[in-house]
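Understanding the architecture of this molecule
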Amino acid sequence: MSSEPSSSSSSQPCPGSAAPPSSLHLPESRRPRERSPSPLRGYLIPSPLPTRRTRTFSATVRASEGPIYKGVCKCFCRSKGHGFITPADGGPDIFVHISDIEGEYVPVAGDEVTYKMCTIPPKNEKLQAVEVVITHLAPGTKHETWSGHVISS
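Reference entry: report on the structure contained in this document.

About the cut-offs
Per chain, the residues get numbers from 1 upward, laid out in the order the sequence is written. For this predicted model, a pLDDT threshold of at least 70 governs which residues receive local features, and a threshold of 80 or more governs which side-chain atom pairs are given and counted, while totals over whole chains, interfaces and linings are taken from all residues. Side-chain figures throughout are based on the complete set of non-hydrogen atoms in the structure, without hydrogens or water. Secondary structure elements are taken from DSSP: a helix is a run of H or I of four residues or more, a strand is a run of E of two residues or more, and numbering for both begins at the N terminus. Buried residues are those whose accessible area, probed at 1.4 Å on protein chains only, stays under 20% of the maximum for their type, while exposed residues exceed 50% and partly exposed ones sit between those limits. Note on definitions: a residue-residue contact is assigned when non-hydrogen atoms from the two residues lie within 4.5 Å. Working definition of accessibility: Shrake-Rupley area with a 1.4 Å probe, residue cover restricted to the visible protein chains. One side-chain nitrogen of Lys or Arg within 4 Å of one carboxyl oxygen of Asp or Glu is enough to make a salt bridge. Side-chain rings of Phe, Tyr and Trp, where Trp is taken by its six-membered ring, are said to pair if the distance between their centres is within 6.5 Å; with planes under 30 degrees apart they count as stacked, over 60 as edge-to-face, and otherwise as tilted.

1. A closer look at the overall build of the protein
Along its length, the protein carries one helix and eight strands. Buried positions account for 25% of the 153 residues belonging to the protein. Restricting the contact set of the protein to residue pairs at least 6 apart, pairs at least 24 apart contribute 52%. Working note: accessible area of the protein is about 11,000 Å², and carbon and sulfur atoms make up 58% of it.

See below:
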């Protein structure tokens, strides 16, 4: 096979050939296009929000040593994996990630919770709730366990 591309369509190597794709000299118009990133290929853009798995050890230690706050779950979407907590002291709502919820129940609006706080990089201006524990289930609502069982409270 010559290094010059031929005009016939049979110049493509057999699927079992050992020639790597970088050694092929295709005309500019016939070069394979770059493929877009796919979640299946491991080219995911990392989330800016620190989850329990991505949080640094020092941030985890700082959060665990902090005070315990009380609040009420404002909303939580299991399919999106996040929600918000309204603090009992009336401050701005605090973000909560699914990986930071302790216990067996998925939080729903109205659940009383306790939590600790951790800053969100890169500027560390916003706060995120960590070590979230549901202390009282909202009365009159259906609660779901992480395994999928539904319980009425």
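2. Considering the pattern of salt bridges
For the coordinates displayed, the defined rule picks out three salt bridges. Its salt-bridge partner being Arg 78, residue Glu 144 comes within 2.9 Å of it at the nearest N-O pair. Taken as a pair, Glu 144 in strand β7 (residues 142-144) and Arg 78 in the loop between β1 (69-77) and β2 (82-87) lie far apart in primary sequence, 66 residues in all. Accessibility expressed as a relative area gives 31% for Arg 78, which makes it partly exposed.

3. Quick look at the packing of aromatic side chains
Going through the model one piece at a time under the given rule, you end up with two aromatic pairs. Ring centres of Phe 84 and Phe 95 lie 5.9 Å apart, and the angle between their planes is 75°; on these two criteria the pair is classed as edge-to-face. Of this pair, Phe 84 sits in strand β2 while Phe 95 sits in strand β3 (residues 94-97), placing them 11 residues apart in sequence. On the basis of relative accessible area, Phe 84 is assigned to the partly exposed category, the value being 32%. The exposure class of Phe 95 is buried, given its relative accessible area of 10%.

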